[in-house]
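Each chain, letter by letter, is given below.
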Amino acid sequence: MTAPFTSLHAARSLVVVAMILLLGGCGDSGASSSSSTAPEGGRVESVGPATGGSPTPGRPAPPPEPSAPVRTRAAELPKATSGPAPDRVTISSIGLELPVRAVGVAADGQMDLPVDPAVVGWYRFGPVPADQEGAVVLGGHLDSREYGVGPLVRLRKLRVGALIEVRTTDGGTARYQVEGVRDVDKQKLAVGELFARTGARRLHLVTCGGPYDPNGGGYRDNLVVTAAAR
Amino acid sequence: MSVRRITALTATGLLAATLPVAAASTAQAKPTANATVSVLHAVPGATVDVYANGKALLTDFKPGTLTDPLKLPEGEYDLKVTAAGAGAGGAAVIQANDVAVPGGANVTVVAHLSAAGKPVLTPFVNDTSKLAAGKARITVRHTAAAPAVDVRAGGDPVFEGLTNPKQVKADLPAGTVKADVVLAGTSTVAIGPADVDLKEGTNTIVYAWGSASGKNLKLAVQSISGLHGDPSGIPGGTGGQAAQEQGVPVWLGLLCGAVALGVIGVGTSAVRARS
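Note that the structure is a prediction, hence the values are computed from the model and not measured.

A few points about the sheet that holds strand 7 (residues 92-101) of chain B
Residues and elements named next belong to chain B.
- The antiparallel open sheet is built from 4 strands, whose spatial order is 3-2-6-7. Both edges of this open sheet fall to strand 3 (55-61) and strand 7, since each of them pairs with a single strand only. Adjacent strand axes in the sheet meet at a mean angle of 15°, parallel and antiparallel pairs treated alike.
- Pairing of strand 2 (residues 48-52) with strand 3, which is carried by 4 bridges, proceeds in the antiparallel orientation. The partner of Tyr51 across the bridge, within strand 3, is Ala56.

Here it is as structure tokens:
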């Protein structure tokens, strides 16, 4: 994971050099000092083009060969477009029917879950059921100190081939077929795959599993249900 | 023809014959990388053609429009912007030679007005580094013939004293902000307000462009998506009762229960002390 960052950084340095070269050539010289202040809680960098220097000869690029006409579009504010969100999940084969609530990211960087284990969270930054690709991610607590054991304890009885229905806020229903029910060590959870926004349309329904370490460690595993859209 | 002249010609011929081979083997050793280049037209009132190394790259390119990202081989480009239909030999509205386009970089080349109102080309590097889960990136670029500006969100200055052709950026929680642009240090609104949807995992790049004296200042927006990070995990349970029901040794729970209660107690008092 460090290699891409290193090369990206190198590329950036190169481009700064490019800017220095270019600005010498195109004549719009301005001061290059920082012109920014940090907003509260935000990271701000001023990376405006530097100036000075003169163009130096380099390897000329081959002329571009546009195979198709370059597409252009109005540089307008994008409209917030997103399909209807999940609001209920039903798994008849294990007698499960639970409300779903949109959730984001907790302060510790994990997916934020509803405190009530009888409510399932949907990761709102990921795909919705109507999206053409990626994984809709639902997660819920297995139990809680406050509420006791929750209904998701029944997920363990879920069998491959079972049907999961996800109702959305527009009244539609997306259907998924269970392909796997697995315990995954939380330390080894492949979050990139779990929260994938590309690839086949699927559902990932996650809770906890494995032994519980009451001494701060919590559950060792995640119980991960994978289901394919049908 | 003197001997020396013939030798020179031969040498040139040899050189010409040898060079492509050398170039080919170099290319083999280090494959040519592509750069991702978008072009934004932000000079008011002029439909233009854009030439790269003498070849038409864009024709009938209108103000306020943006190209899809182009994959261009890394290297140096001579860029020339002419009035639409003027031809490759037409007078340059803007010209920039030896523009280095490094492989792997993501760049937006903007044709815009300088602060003084002269058409210029500025390449900006787009920050395509990964964002933390739930975060959005906002980049603001001053490409207008206008003095320094502040950018406000919900009426509060977020970026202050931004001048042409600078950019500023920040990684913020995803969500919609009501943004406007004011003359620096004042509450005189130059552009907006506009609701800007800062989409998670996306670098939303906002350009202030046009001309203050021409009274045509406006915003252009470019979005680069796919920069999202993933949550680090899914917590999944806080009680431990289910584990006991599922036959995980109860003695483990009993043994550690007292310790856990102790930890909770300490945690609670720490929170109290802080609040």
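Moving on from the model shown.
Describing the domain arrangement of chain B
Residues and elements named next belong to chain B.
- Along its sequence, chain B is organised into domain 1 (26-125) and domain 2 (127-228).
- Inter-centroid distance (C-alpha atoms) of domain 1 to domain 2 is 23 Å.
- Facing the 19 residues of domain 1 at the interface are 20 residues of domain 2.
- Summing both partners gives a buried area of about 1,400 Å² for domain 1 against domain 2, and 66% of it is carried by carbon and sulfur.
- Viewed at the interface, domain 2 and domain 1 are joined by 0 salt bridges.
- At the surface where domain 1 touches domain 2, the tally comes to 5 residue pairs in polar contact (both at pLDDT 80 or more).
- Secondary structure elements with two or more residues in the side of domain 1 that touches domain 2: strand 1 (34-42), strand 8 (106-113) and strand 9 (119-125).
- When residues of the side of domain 1 that touches domain 2 are assigned to their parent elements, the largest contribution, 5 residues, is made by strand 8.
- The class makeup of the residues in the side of domain 1 that touches domain 2 is 11 nonpolar, 8 polar and no charged.

Digging into the sheet that holds strand 9 (residues 163-168) of chain A
Residues and elements named next belong to chain A.
- On the basis of which strands lie adjacent, the closed barrel formed by 8 strands has the order 3-4-5-6-11-12-10-9 and mixed pairing. For this sheet, the mean angle separating the axes of adjacent strands, direction not counted, is 35°.
- Note that strand 3 (residues 86-91) and strand 9 share 4 bridges and pair antiparallel. By the bridge assignment, Pro86 is partnered in strand 9 with Thr168.

Some words on the side chain of Arg202(A)
Residue and element names in this part refer to chain A.
- Structurally, the position occupied by Arg202 is in strand 11 (residues 202-213).
- Given a relative accessible area of 15%, Arg202 falls into the buried group.
- Only 3.3 Å separates the side chain of Arg202 from the backbone oxygen of Thr198, close enough to count as a polar contact.

Quick word on the pairing of strand 12 (residues 218-229) of chain A
All names here are of chain A.
- For strand 12, the tally of buried residues reaches 10 of 12 residues, placing the bulk of the element in the interior.
- Summarising the sheet, strand 10 (residues 173-185) and strand 12 pair through 9 bridges and their orientation is antiparallel. Bridging across to strand 12, Gln177 finds its partner in Ala228.
- Here 10 bridges tie strand 11 to strand 12, and the two strands are oriented antiparallel to one another. What sits directly across from Cys208, in strand 12, is Asn222.
- The antiparallel hairpin formed by strand 11 and strand 12 contains 4 residues in its connecting segment, where Gly216 sits at a positive phi of about 95°.

Calculation rules
Residues numbered from 1 in each chain as written. Chains lettered and ligands numbered in written order. Predicted model: local features only at pLDDT ≥ 70, side-chain atom pairs only at ≥ 80, totals over all residues. Heavy atoms only, no water. Pairing = 2+ DSSP bridges. Helix = DSSP H or I, 4+ residues; strand = E, 2+ residues; numbered from the N terminus. Axes fitted to C-alpha atoms, helices over the stretch in contact; angles between N-to-C directions. Domains from an automatic or database assignment. Contact = heavy atoms within 4.5 Å. Buried area = accessible area lost by both parts, 1.4 Å probe. Salt bridge = Lys/Arg side-chain N within 4 Å of Asp/Glu carboxyl O. Polar contact = N/O pair within 3.5 Å; in protein donor to acceptor, adjacent residues only side chain to side chain. Nonpolar A, V, L, I, M, F, W, Y, C, P; charged D, E, K, R; others polar. Buried < 20%, exposed > 50% of the residue type's maximum accessible area, 1.4 Å probe, protein only.

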